[in-house]
Amino acid sequence: MFSFKAISAAALLLIASVSAAPTPTTYDSPDGTVELTGVTHSVVAGLGGLRFDPDNVVAEVGDIVEWHFLKVNHSIAESSFAEPCKPVADGTGFFAGFNFFIQDGQAPNVFQIVVEDKTPIWYYCPQTNGNHCQMGMAGVINQNFDNQDFSLRRYKEVAATTGTSIVPPVQQGGAVIPNPNPNGGF
Ligand SMILES: *[C@@H]1O[C@H](CO)[C@@H](O)[C@H](O)[C@H]1NC(C)=O
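Parameters and conventions
Residues numbered from 1 in each chain as written. Predicted model: local features only at pLDDT ≥ 70, side-chain atom pairs only at ≥ 80, totals over all residues. Heavy atoms only, no water. Near = heavy atom within 4 Å. Polar contact = N/O pair within 3.5 Å; in protein donor to acceptor, adjacent residues only side chain to side chain. Areas by Shrake-Rupley, 256 points an atom, 1.4 Å probe, with all protein chains shown as cover. Nonpolar A, V, L, I, M, F, W, Y, C, P; charged D, E, K, R; others polar. pLDDT = per-residue confidence, 0-100. Contact = heavy atoms within 4.5 Å. Disulfide = S-S within 2.5 Å. Helix = DSSP H or I, 4+ residues; strand = E, 2+ residues; numbered from the N terminus. Buried < 20%, exposed > 50% of the residue type's maximum accessible area, 1.4 Å probe, protein only. Salt bridge = Lys/Arg side-chain N within 4 Å of Asp/Glu carboxyl O. Arc of directions from axis to C-beta.

**Student:** How would you sum up the site of the ligand? Please name residues and give values.
**Tutor:** Close to the ligand lie Asn73, Phe98, Phe101 and Gln127, which account for all nearby residues. A distance of 2.4 Å separates an oxygen atom of the ligand from a polar atom in the side chain of asparagine 73. Glutamine 127 is positioned with one of its side-chain polar atoms (N or O) 2.7 Å from an oxygen atom of the ligand. Contact with the protein chains covers 46% of the free accessible surface of the ligand, which is 360 Å². When the residues that make up the shell around the ligand are grouped by side-chain class, the tally is 2 nonpolar, 2 polar and no charged.

**Student:** With reference to specific residues and values, describe the confidence of the model for the chain.
**Tutor:** With 89% of its residues at a pLDDT of 70 or more, the chain shows a mean pLDDT of 91. A low-confidence stretch, residues 1-16 (pLDDT under 50), is modelled with 1 contact involving residues beyond four sequence positions or located in other chains.

**Student:** Quick rundown of the state of the cysteines? Include the residues and the values.
**Tutor:** Cysteine pairs can be covalently joined through their sulfur atoms, and such a bond is termed a disulfide. Within this structure, the stated rule accounts for 1 disulfide. A disulfide bridge connects cysteine 85 with cysteine 133, and the sulfur atoms are separated by 2.1 Å. On the S-S bond that ties cysteine 85 to cysteine 133, the torsion sits near -80°, and the link is left-handed. Within this pair, whereas cysteine 85 is found in the loop between strand E7 (77-79) and strand E8 (102-106), its partner cysteine 133 is found in the loop between strand E10 (121-124) and strand E11 (138-141), the two being separated by 48 residues in sequence. Each member of the pair, cysteine 85 as well as cysteine 133, carries the same accessibility label: buried. As a non-bridged cysteine, cysteine 125 has cysteine 133 as the owner of its nearest cysteine sulfur, 8.2 Å distant. The exposure class assigned to cysteine 125 is buried, which follows from its relative accessible area of 0%.

**Student:** Describe in detail the pattern of salt bridges, supporting the description with residues and values.
**Tutor:** Taken as a whole, this structure holds 6 salt bridges when the rule is applied. Of the charged contacts in the structure, one is a salt bridge between arginine 153 and glutamate 157, with a shortest N-O distance of 3.7 Å. Taken as a pair, arginine 153 and glutamate 157 lie in helix H2 (residues 152-159) at a separation of 4 residues, close to a single helical turn. The exposed category is assigned to arginine 153, whose relative accessible area is 60%. Classification of glutamate 157 by relative accessible area gives partly exposed; the value is 37%. Arginine 154 serves as the salt-bridge partner of glutamate 157, at 2.8 Å between the closest nitrogen and oxygen. With glutamate 157 and arginine 154 both in helix H2 and 3 residues apart, this pair spans about one turn of that helix. Classification of arginine 154 as partly exposed rests on a relative accessible area of 38%. One salt-bridge network, in which partners are shared between bridges, spans Arg153, Arg154 and Glu157.

**Student:** So what's going on with the side chain of histidine 74? Which residues, and what values?
**Tutor:** If you trace the backbone, histidine 74 turns up in the loop between strand E6 (64-72) and E7. Taking the relative accessible area as the measure of exposure, histidine 74 reaches 2% and is therefore buried. A polar side-chain atom of histidine 74 sits 3.1 Å from the main-chain carbonyl oxygen of lysine 71. At 3.2 Å, the side chain of histidine 74 forms a polar contact with the side chain of histidine 132.

**Student:** Explain the environment of glutamine 106 residue by residue, including any values.
**Tutor:** Its location among the elements puts glutamine 106 in strand E8. With sequence-adjacent residues up to four places away left out, glutamine 106 is seen in contact with His68, Phe69, Leu70, Asn179, Gly184, Gly185 and Phe186.

**Student:** So what about H2? Which residues, and what values?
**Tutor:** Among all positions in H2, only Leu152, Tyr155 and Ala159 are buried. One face of H2 carries all of its buried residues, which in axial projection span an arc of 55°. Residues of H2 that are buried make contact with strand E5 (56-57), E7, E10 and E11.

See the structure below:
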């Protein structure tokens with residue numbers, strides 16, 4: 001049980017951090033400034049096995065997508081649709097790094113990106129130990145639902161044939177931050 005003293009100290013800390021850090025309303029991307037909507041979509045890596053839950057997210061420009069990580073050692077990397085389990089060829093894709101190793105429960109850090117346009121964003125778990133991407137650990141933001149040739153199902157079918165994943169050389173894009181949800185929720 002928490003003592004009363006611990007609770008009030010935590011409450012004070014919360015008040016202090018809220019007043020010290022106003023929530024940003026815009027996000028500076030390389031292509032300009034994006035107005036943040038205040039909407040966050042949570043995705044849990046490793047919920048229900050080698051998968052992302054939900055693995056198909058529809059988001060507006062200015063929404064945040066936030067990945068939470070369960071055991072044991074997952075990450076995410078952006079890919080193209082055409083080449084599953086490989087980083088985007090021009091080197092501009094995000095990679096969250098292997099910052100989420102946890103033996104049980106949820107890793108203390110999450111990864112966030114801001115959706116900057118409505119182009120589909122494809123991503124995969126680049127963990128080669130256990131072939132996570134080939135096993136179906138991949139997801140999409142803003143899939144084009146009018147064209148099933150470019151579906152997540154199709155992406156996973158091709159992913160299963162790729163043999164092994166490519167781990168991007170450097171962590172980049174997005175932000176690795178402490179889980180902002182109280183009590184470590186999703
Ligand atoms: C997590 O996986 C990555 C990639 O396979 C590896 O480099 C790293 O050492 C692993 N971390 C731990 C703590 O095992």
